[in-house]
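Residues per chain, in single letters:
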Amino acid sequence: MASGVLALDKLGPTGGRRTEQIMHAIRSAVDDGNMVAGELYSVYQLSEVLGVSRTPVRDALLVLEQIGLIKFERRQGFRILLPDPVDIAEIFDARLQLEVSAVRRAAVDASLPFLARLDAQMEQMLRAADAGESQSFALLDQDLHALILNEAGNKRIAEYVGSLRETTRLLGASTMQRTRSLRDVHEEHRPIVEAIRERDGDAAGRTMYEHLVATGRLLVAQAVDAQRSTADPERIWADVVIPSHVQL
C-alpha cells in the first residue's frame, strides 16, 4: 500500500504528449520535495492526483524506471530513487570519449553557416540566463551540444549523446542554479565556441574536455551529497573516468 502523500496539480489540456507531461510532473515533484526518495507511491494514486488515466502514468514510470529514477515494488507501487553517482560518472565517461573527438572534427572545417548558428545559439542561451529561465536554458544548452555533434557528421553519435544528456536531465542531475549560475554555465561554453571559430581542433577538444570534466565532477559530488553517502566523489570519478580514453 502506498505510504507517500501526493499534493500535485492536475495536468491541464495540452497538444503535447501525456507521457512527457507526466514525466515532467514527477521530476518537478521530486525537485520541489513533493515526492520523496524512499516513499512508496502507487500508479492509481498518481493517476488520480494528476487527473489522467493509468495507462500514460504507467508508460511514464516505465521510462523513468529504465533511466533509474524510480523502482517498482511488486504489487505495491513504486519508489523514487536518488541519482546514482557511479551512473553519472559512467555517462560522462562516455560523453568524454565521444564529444571531444566530435568537436575537433566540427572545428577543423567549420562552415560560416555553422558558425552563425553557434553564435545565435549562444545569444539565446545568454538571454535565457539573464532572464533566469533555467528550463529553457537547459534545453538551449542541450541544443548547442547537438549542433556541434551534428556538424561533426555522425548522426548516431549525436543521437546517443542526446539520450545520455536526457538521462541526466530526467535524473535531475544539473549544476545549474545549484553550484553554478546560468551565466557561469554560458561562459564555460564560450571558449569552446571561440576555438571552433578559429578552426582550432586541438583547442576545441581541450576546452570541451575541461567543460565536461568540470560538469561531471560537480554532478557526481551532488549525487553523493543527495544520498548522504560517505563515498569520496573524486574516487568515484577516478575509478570510472579513465583519462587515457581521451587523447588531448
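Residues numbered from 1 in each chain as written. Predicted model: local features only at pLDDT ≥ 70, side-chain atom pairs only at ≥ 80, totals over all residues. Heavy atoms only, no water.

J.: I'd like to hear about helix α2 (residues 43-50), residue by residue, with values.
T.: Because the α-helix completes a turn every 3.6 residues, residues three or four places apart line up on one side. α2 sits mainly inside the fold: 6 of its 8 residues count as buried. Taken residue by residue, α2 has Val43, Gln45, Leu46, Ser47, Val49 and Leu50 as its buried positions. Packed against the buried residues of α2 are α1 (18-32), β1 (40-41), α3 (54-66) and β3 (77-80). Gly51 occupies a position one or two residues after α2 and carries a positive phi of about 75 degrees. (Buried < 20%, exposed > 50% of the residue type's maximum accessible area, 1.4 Å probe, protein only. Helix = DSSP H or I, 4+ residues; strand = E, 2+ residues; numbered from the N terminus. Contact = heavy atoms within 4.5 Å.)

J.: An account of the environment of Pro56 is requested, with residue identities and associated values reported.
T.: Tracing the sequence through the fold places Pro56 in helix α3. Taking the relative accessible area as the measure of exposure, Pro56 reaches 13% and is therefore buried. C-alpha of Pro56 to C-alpha of Met23: the two residues are 33 residues apart in sequence and 9.7 Å apart in space. Those residues in contact with Pro56 that sit more than four places away from it in its chain are Arg18, Thr19 and Ile22.

J.: Requested: an account of the pairing of strand β2 (residues 70-73), with residues and values cited.
T.: By the bridge criterion, 4 bridges tie β2 to β3 in an arrangement that is antiparallel. Across the sheet, residue Phe72 finds its bridge partner in β3, namely Phe78. Here β2 folds back onto β3, and the loop between the two strands holds 3 residues, one of which, Arg75, carries a positive phi near 60 degrees. (Pairing = 2+ DSSP bridges.)

J.: Requested: an account of the pairing of β3, with residues and values cited.
T.: Bridging between β1 and β3 involves 2 bridges; their strand directions are antiparallel. By the bridge assignment, Tyr41 is partnered in β3 with Phe78.

J.: Which residues make up the nonpolar core, and what values go with them?
T.: Counting residues in each nonpolar core, the largest one holds 44 residues, and the members touching the most others are Leu96, Phe114, Leu118, Ile148, Ile196 and Trp237. Those residues in contact with Phe114 that sit more than four places away from it in its chain are Ala106, Leu147, Ile148, Glu151 and Ile196. Grouped together as the second largest cluster of nonpolar side chains are 25 residues, Val57, Ala60, Leu61 and Phe78 included. (Core = buried A, V, L, I, M, F, W, Y, C linked by side-chain atoms within 4.5 Å.)

J.: How would you summarise the sheet that holds β2 if you had to cite specific residues and measurements?
T.: In space, the 3 strands of this open sheet follow the order β1-β3-β2, with antiparallel pairing throughout. The outermost strands of the open sheet, each flanked by one partner alone, are β1 and β2.

J.: Describe the packing of helix α8 (residues 182-197) against helix α9 (residues 201-226), and please don't skip the residues or the numbers.
T.: Between α8 and α9, whose axes approach to 8 Å, the crossing angle comes to 165 degrees. Taken together, the axes of α8 and α9 lie roughly antiparallel to each other. Considering how the two elements wind past one another, α8 and α9 form a crossing that is left-handed. Touching Glu188, His189, Pro191, Ile192, Ala195 and Ile196 of α8 are Ala203, Ala204, Thr207, Met208, His211, Ala214 and Thr215, all from α9. For the contact of α8 with α9, the residue count by class is 8 nonpolar, 4 polar and 1 charged. (Axes fitted to C-alpha atoms, helices over the stretch in contact; angles between N-to-C directions. Parallel < 35°, antiparallel > 145°, perpendicular 65-115°, else oblique. Left-handed = near helix turned anticlockwise from the far one by under 90°. Nonpolar A, V, L, I, M, F, W, Y, C, P; charged D, E, K, R; others polar.)

J.: Residue-level account of the packing of aromatic side chains, with values.
T.: For the structure shown, the criterion picks out 1 aromatic pair. An angle of 35 degrees between the planes, with centres 5.9 Å apart, marks the rings of Tyr41 and Phe78 as tilted. Highlighted residues: Tyr41 in strand β1 and Phe78 in strand β3, separated in sequence by 37 residues. (Phe/Tyr/Trp six-rings, centres within 6.5 Å; stacked < 30°, edge-to-face > 60°.)

J.: Quick rundown of helix α5 (residues 112-131)? Include the residues and the values.
T.: The end-to-end C-alpha separation of α5 is 29 Å, in line with the 28 Å expected for 20 residues at 1.5 Å each. Every buried residue of α5 is accounted for by Phe114, Leu115, Leu118, Gln121, Met122, Met125, Leu126, Ala128 and Ala129. Take α5 and look down its axis: the buried residues cluster within an arc of 165 degrees, on one side only. In α5, the exposed residues that point more than 90 degrees away from the buried face are Leu112, Arg127 and Asp130. On its buried face, α5 is in contact with α4 (85-108), α6 (134-151) and α8. (Expected span 1.5 Å × (residues − 1). Arc of directions from axis to C-beta.)

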